[in-house]
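Chain by chain, the residues run as shown.
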Amino acid sequence: MLLRGVLLAVQALQLAGALDLPAGSCTFEESTCGFDSVFAFLPWILNEEGHYIYVDSSFAKQGEKAVLLSSDLQAEEWSCLRLVYQITTSSGSASDSSRLNLYLRFEDESFDRLLWTAKEPSDSWLIASLDLKNTSKKFKILIEGVLGRGNTTSLALFEIKMTTGYCIECDFEENHLCGFVNHWNPNVNWFVGGGTIQNSHSILPQDHTFKNEMGHYMYVDSVYVKHFQEVAQLISPMTTAPMSGCLSFYYQLQQGNDNVFSLYTRDVTGLYEEIWKTNSPENPAWNLAEVEFSAPYPMEVVFEVAFNGPKGGYVALDDISFSPVHCQNQTEIPFNALEASCDFEEDLCNFYQDKEGPGWTRVKVKPNMYRAGDHTSGLGYYLLANTKFTSQPGYIGRLYGPSLPGNLQYCLRFYYAIYGFLKMSDTLAVYIFEENHVVQEKMWSVLESPRGVWLQAEITFKKPMPTKVVFMSLCKSFWDCGLVALDDITIELGSCWFPEKLPPTPGECTFEQDECAFTQERRNRSSWHRRRGETPTSYTGPKGDHTTGVGYYMYIEASHMVYRQKAHLLSHPLRGVTGKHCLTFFYHMYGAGTGLLSVYLKKEGDSKGSLLWRRRGEQSISWLRALIEYSCERQHQVIFEAIRGVSIRSDIAIDDIKFQAGPCAEMEDVTQQSSGYSEDLNEVEY
């Protein structure tokens, strides 16, 4: 095994009291502590000398999986799951390396939720720290190892530990330092202080946790500083769940020395933001700092010390903790970004218009072959700027959003559709209005794009002062006016784009990257096809997808099929669980010869599937939403069946499929429409 070289380090890492480990934890010394290999896959092997479990290429092939499953667990309080692991690979095969995936399997969900994935090989063990939000649901931890290419490829797990608390918290008493890492600098670095070892030339303090010399803390000393503004950084694990509250820690500075101790946040794009800095003079003993901390998206905390020379003394840090309750000196209620979002189904939410008169009207269009419905469901409400019916050239309609606090990064997403207009440029624009300075800044405007299609726009912005988002519709002249539609405005904290986003939840598929876990019995010209843009045949099929308007969807091409020919798209096997499930998806059935779209539930071991939902014939030029409630306690698959109609104008498309636990929040009329076809309406054989 390639792993023996790290055993000494692993022995130092693992806890002596293995028998006292909390539920969901294991050091793999003598057993797997209730974690079992799933029989249908490769087994994880417990090393004869203890210390770890592994799977390697000596008994497995590339692409084979080993799956480890815990017993039932509960996390009624916020918990931190730490995984100590190693991935090794042959030199030159990093492009097809092994991979570790960690999923949560909730008792009421038919699919597993991917929480973390890693594929980078290393020469020693690594630590992953994962926040688990408190929940009353029972769940299991599932760890999947997938072997990559190479004759000496291996995956190893040294320790799994689930403890109550936040991953960002640490008292530095354990050797893994809670996943905090020092950013190495040739001259100045963070070290572990306390215990029986003294590496510093300075007289360091006692530990804060135990108030004696045996406890541990982190410190940085200026004795080796050689340049002006030498910087040492201690970096926390990346948060993996949204959190907001009070971050507190104890620190100590050597009195009267020239150093700067600061605290920053850093997101996955590398953007730093200072959230705290020391004020001089400080108490020579341990000082308590309390800082408002908000991490609505993945974020690290960086403790940074900058020295101006070798006589800057030391800075010590201990007992980092977090509370979801805001700090004592914080009285302002944190802003909820959802308050600035709206789908216009009930009203205008927190949006409002100019006092001069309504330029935007909330409308609902009955789906037909000539006018698209709303984006939310195809049957609901959206906003329409009726500029075509105004007689004043230069007419402007403004829609204002609610006030957004300053100094936060926002991601604004919305859908728009343009009708008419000879020139589309600037017919719709988005401005950021700074309230204190009465300044408007244009952030986005329409360019030439497909007409009559719901298109998604994304804008990331951050301003120091409170702002409002303003949607402006412009009619340049009486002879060049049209309609501007707006729907599904959402605002989230953070950037619209992150380079390290996790793959989509297994229960969702937008078909943007691939066909997800959906399969087909055979692939030919008459199968389901993944496509973007319009379909080849005129007067049938969508003009764009539902997700963004310019992305991908699945469809059947009727010109490649014969009357009544079928195409089947099968989901991956879904676990049977008790209770109701909700399946939502969007479908497009436009064309005079449109056939039949059906959804079936096929249980494991059955030769026939039972009908869940059906639509027959032309429905709308819009994407329409379908909601299906069903229950199944056996492993099963959901099958989308499209049947070609009487003519080539019979393209059928689907998009944005989503499986959710529990009943559908809002059920539409799912009355099955009658069919002229001769097969049984309730069953179909595969």
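Higher on the page you've got the structure.
Read on for a plain summary of the structure. (Residues numbered from 1 in each chain as written. Predicted model: local features only at pLDDT ≥ 70, side-chain atom pairs only at ≥ 80, totals over all residues. Heavy atoms only, no water.)

Once that is clear, we can look at unusual backbone geometry. Even without glycine at this site, leucine 177 takes up a positive phi of about 55°. Mapped onto the secondary structure, leucine 177 falls in the loop between strand 11 (154–164) and strand 12 (181–183). Using a relative accessible area of 15% as the deciding quantity, one classes leucine 177 as buried. Phi is positive for phenylalanine 344, which is not a glycine, with a value near 65°. Within the secondary structure, phenylalanine 344 sits in the loop between strand 21 (314–323) and strand 22 (352–353). (Helix = DSSP H or I, 4+ residues; strand = E, 2+ residues; numbered from the N terminus. Buried < 20%, exposed > 50% of the residue type's maximum accessible area, 1.4 Å probe, protein only.)

Inspection of the entire model under this criterion finds eight disulfides. With its sulfur 2.1 Å from that of its partner, cysteine 411 forms a disulfide with cysteine 496. The disulfide joining cysteine 411 to cysteine 496 has a torsion of about 110° about its S-S bond and is therefore right-handed. Of this pair, cysteine 411 sits in strand 26 (residues 408–420) while cysteine 496 sits in the loop between strand 31 (482–493) and strand 32 (508–509), and the two are 85 residues apart along the sequence. Here cysteine 411 matches cysteine 496 in class, with each residue buried. Here cysteine 582 is linked by a disulfide to cysteine 664, with a sulfur-sulfur distance of 2.0 Å. Looking down the S-S bond of the cysteine 582 and cysteine 664 bridge, the torsion is 105°, so its handedness is right-handed. (Disulfide = S-S within 2.5 Å.)

The subject of this paragraph is the environment of histidine 546. As for its position among the elements, histidine 546 is in the loop between strand 33 (529–532) and strand 34 (552–556). We classify histidine 546 as buried; its relative accessible area is 7%. In sequence terms histidine 546 and tryptophan 623 are 77 residues apart; their C-alpha atoms lie 6.7 Å from each other. Those residues in contact with histidine 546 that lie beyond four places of it in its chain are His375, Tyr415, Phe586, Trp623, Asp655 and Asp656. (Contact = heavy atoms within 4.5 Å.)

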